[in-house]
Amino acid sequence: MKFLRRVVAILLLPALCVLVLAFLLGSTFNETLLRGAFLKSELRQVNAYDVAVGQLTSLVSTIGKSDQSSEESFNISSLGLEPVIQAIVTPAWLQREVEQNLDHLDRWLNHKKPLVLQVNTADRKPILQAQLRLWLEQKISSLPKCSLQEFQRRLQAEKDINAFCRPPGLTVDTLLAQLKDSGIDVDTFIAALPDETDLLQPQTSLQPFFEKLGQPSSPQPNELKKVSDQLERVREYVRTGRNYLFLTFVAILVLLGIEILLMAHGKKTVVRWMSVLLSATAVLPLVVGVAGYVAGRTVIPAQVPLENLSPEIRTAVLALAQNIMDAVFLPLIIYGVV
């Protein structure tokens, strides 16, 4: 009988090892990628917002350059809009909006709150207005002087704003007044921009702006709404996974109890067998943890196709991936060693 109990205890040991590994992996995953606080910390650590703003500015500066040979092209890079973009889309503002939506996702995923994804641009509108005036002032002052007739001729013929000239009396106010008389009221358009844009229903948020443009938005399938439906399914998967995680913890306790009962031949025997159990259950997490840690520094950088990305994005993506791998697999190594 004693031999049979020992055999059963040994046979149950692999199942216990697998359950401990599954519980550790599930717990670390649940406390990292499924928590807004972790994601916010990691994005700050890799300077994701500075990189994103820098890439946006670079993108604006290169639009149209590839089509310079075409007579019908309009090279937006010649407008010098980079300072305007940098003043409006700052790393601090982008961080605020991203972290706000990560908080919304965290409450939706972990606290059963309604899903809200939105961008607040109320404080960007005055900046846009001021930057637009400053940009116009700089452009007007840099233009060569000319007669009104020459200005009108260039206005009709040229596609590059740098080829325009400055007739007498042309200022930002007179230019905006002329545009307003032509039906283009810049200040009204900026005021019509929504203070908040619902990313799940952007057409509803932008409808007043399009109406000001005389182009009412027509209902169209919203891809982001489809994303919302997919996220709802993800939330159900997460809830199911957390239920299984709890059941795994219960199963570990039950197996530990069974192992102790099978090997309970005295206090020393129980203590000795418990040490064996702890040592055995530490081997598999240690092996998986080391493998994951090494993969985060060797396999992933070598296998993931990042050569088409800019050096800044590539560095940030690799650093973020390595940090996530460390957060998931280092606890397994610590458990295995300790």
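Details of the structure are given in the entry above.
Q: I'm lost on the pattern of salt bridges in this one. Help?
A: Tallying each qualifying case throughout the model produces 13 salt bridges. Measuring nitrogen to oxygen at the nearest pair gives 3.5 Å for the salt bridge that ties Arg 35 to Glu 31. One salt bridge connects Glu 232 with Arg 235, and the closest N-O pair in it is separated by 2.7 Å. With Glu 232 and Arg 235 both in helix H11 (residues 223-262), this residue pair falls three residues apart, about one helical turn. Classification of Glu 232 as partly exposed rests on a relative accessible area of 31%.

Q: Quick question: what am I supposed to make of the environment of Gln 207 here?
A: Examined against the element boundaries, Gln 207 turns out to sit in helix H10 (residues 202-212). Using a relative accessible area of 34% as the deciding quantity, one classes Gln 207 as partly exposed. Here the alpha-carbon distance between Gln 207 and Pro 194, two residues 13 residues apart in the chain, equals 8.9 Å.

Q: So what exactly am I meant to see when it comes to the side chain of Glu 42 here?
A: Along the chain, Glu 42 falls in helix H2 (residues 36-45). A polar atom in the side chain of Glu 42 sits 3.1 Å from the side chain of Asn 323. Among residues more than four places away in sequence, those in contact with Glu 42 are Leu 320 and Asn 323.

Q: What's the story with H2 in this structure? I'm lost.
A: Residue pairs spaced three or four apart in an α-helix point in one direction, given the helix's 3.6 residues per turn. Taken together, the buried positions of H2 are occupied by Gly 36, Phe 38, Lys 40, Glu 42 and Leu 43. Taken together, the buried residues of H2 touch helix H1 (2-31), helix H3 (48-62), helix H5 (91-110) and helix H14 (311-337). A positive phi of about 55° marks Asn 47, the residue just after H2.

Q: How do you make sense of empty space enclosed by the protein when you look at a structure like this?
A: Vacant regions in the atomic arrangement are exposed by a probe of water-molecule size rolled over the atoms. For the coordinates displayed, the defined rule picks out one cavity of 30 Å³ or more. Taken as a whole, the largest cavity holds about 40 Å³ of empty space. For the largest cavity, the full set of lining residues is Gln 129, Leu 132, Arg 133, Leu 176, Val 186, Asp 187 and Ile 190. Listing elements by their share of the lining of the largest cavity, those giving two or more residues are helix H6 (124-142) and helix H9 (186-192). Here the residues of the lining of the largest cavity sort into four nonpolar, one polar and two charged.

Q: Is there a simple way to think about the side chain of Gln 131 in this case?
A: Within the fold, Gln 131 resides in helix H6. Those residues within four positions of Gln 131 in sequence are excluded, and the remaining contacts are Pro 83, Val 84 and Ala 87.

Q: How should the packing of H2 against H5 be read in this particular structure?
A: How two helices pack is summed up by the angle between their axes together with the distance between the axes. For the pair H2 and H5, the least separation of the axes is 9 Å and the interaxial angle reads 160°. When the axis of H2 is compared with that of H5, the two are roughly antiparallel. The handedness of the crossing between H2 and H5 comes out as right-handed. For the pair H2 and H5, the contacting residues are Gly 36, Leu 39, Lys 40, Leu 43 and Arg 44 in the first and Gln 95, Val 98, Glu 99, Leu 102, Asp 103 and Asp 106 in the second. Class assignment of the residues belonging to the contact of H2 with H5 gives a composition of four nonpolar, two polar and five charged.

Q: Would you take a moment to explain a nonpolar patch on the surface for this structure?
A: On the surface, Tyr 244, Phe 246, Leu 247, Phe 249, Val 250, Leu 253, Val 254 and Ile 258 cluster together into a nonpolar patch covering about 760 Å² of accessible area. Relative to the assigned elements, Phe 246 resides in helix H11.

Q: What is the right way to read the packing of H6 against helix H8 (residues 172-181) from this model?
A: Orientation of H6 relative to H8, taken along the N-to-C sense of each, is 110°, at an axis distance of 10 Å. Compared by their axis directions, H6 and H8 come out roughly perpendicular. Remark: the crossing between H6 and H8 carries right-handed chirality. In this structure, H6 uses Arg 133, Leu 136, Glu 137 and Ile 140 to contact H8, whose residues at the interface are Val 172, Asp 173, Leu 175 and Leu 176.

Q: How should the state of the cysteines be read in this particular structure?
A: One way to say it: the disulfide is the covalent bond shared by the sulfur atoms of two cysteines. In this structure the tally under the stated criterion is one disulfide. Two residues share a disulfide in this structure: Cys 146 and Cys 165, whose sulfurs sit 1.9 Å from each other. Note on the Cys 146 and Cys 165 pair: the S-S dihedral is about 70°, so by sign convention the disulfide is right-handed. Of this pair, Cys 146 sits in the loop between H6 and helix H7 (148-157) while Cys 165 sits in the loop between H7 and H8, placing them 19 residues apart in sequence.

About the thresholds
- Throughout this description, residue numbers start from 1 for each chain and increase along the sequence as written.
- Totals for whole chains, interfaces and linings use all residues, but because this is a predicted model, local features are given only for residues with pLDDT of at least 70 and pairs of side-chain atoms are given and counted only at 80 or more.
- Side-chain metrics in this entry use all non-hydrogen atoms of the structure; hydrogen atoms and water are not considered.
- Salt bridges are defined as contacts in which a side-chain nitrogen from Lys or Arg sits within 4 Å of a carboxyl oxygen from Asp or Glu.
- Secondary structure is summarised from DSSP: a helix means a run of H or I of at least four residues, a strand means a run of E of at least two, and numbering begins at the N terminus for each.
- Throughout, exposure labels follow a simple rule: accessible area from a 1.4 Å probe, protein chains only, divided by the maximum for the residue type, with under 20% read as buried, over 50% as exposed, and the rest as partly exposed.
- Counting of polar contacts relies on pairs of N or O atoms within 3.5 Å, with two restrictions inside protein: one atom must be capable of donating a hydrogen and the other of accepting it, and residues adjacent in sequence are counted only when both atoms are side-chain atoms.
- Here, residues are in contact when the closest pair of their heavy atoms is within 4.5 Å.
- The definitions used throughout rest on a 1 Å grid laid over the protein atoms alone, on which a cavity is an enclosed set of points accommodating a 1.4 Å probe that cannot get out and a pocket is an open set flanked by protein within 12 Å on both sides along at least five of seven lines; lining residues are those having an atom within 4 Å of a point.
- Grid points are joined across faces, edges and corners, and a volume is the space filled by probe spheres set on the points.
- Each residue receives one of three labels: charged for Asp, Glu, Lys and Arg, nonpolar for Ala, Val, Leu, Ile, Met, Phe, Trp, Tyr, Cys and Pro, and polar for the others, Gly being one of them.
- Here, axes are lines fitted to C-alpha atoms. For helices the fit covers the stretch in contact, and angles between N-to-C directions go from 0 to 180 degrees.
- These descriptions rest on fixed angle ranges, namely under 35 degrees for roughly parallel, over 145 for roughly antiparallel, 65 to 115 for roughly perpendicular, and the rest for oblique.
- Rotating anticlockwise by less than a right angle from the far helix to the near helix defines a left-handed crossing, while the corresponding clockwise rotation defines a right-handed one.
- Patch membership is restricted to residues that have no salt bridge and whose relative accessible area is over 30%. Joining uses 9 Å for like charges and 5 Å for the nonpolar side chains Val, Leu, Ile, Met, Phe, Trp and Tyr.
- Each accessible area value is a Shrake-Rupley result obtained with a 1.4 Å probe; residue values ignore everything except the protein chains displayed when judging cover.
- Disulfide: a pair of cysteine sulfur atoms within 2.5 Å of each other.

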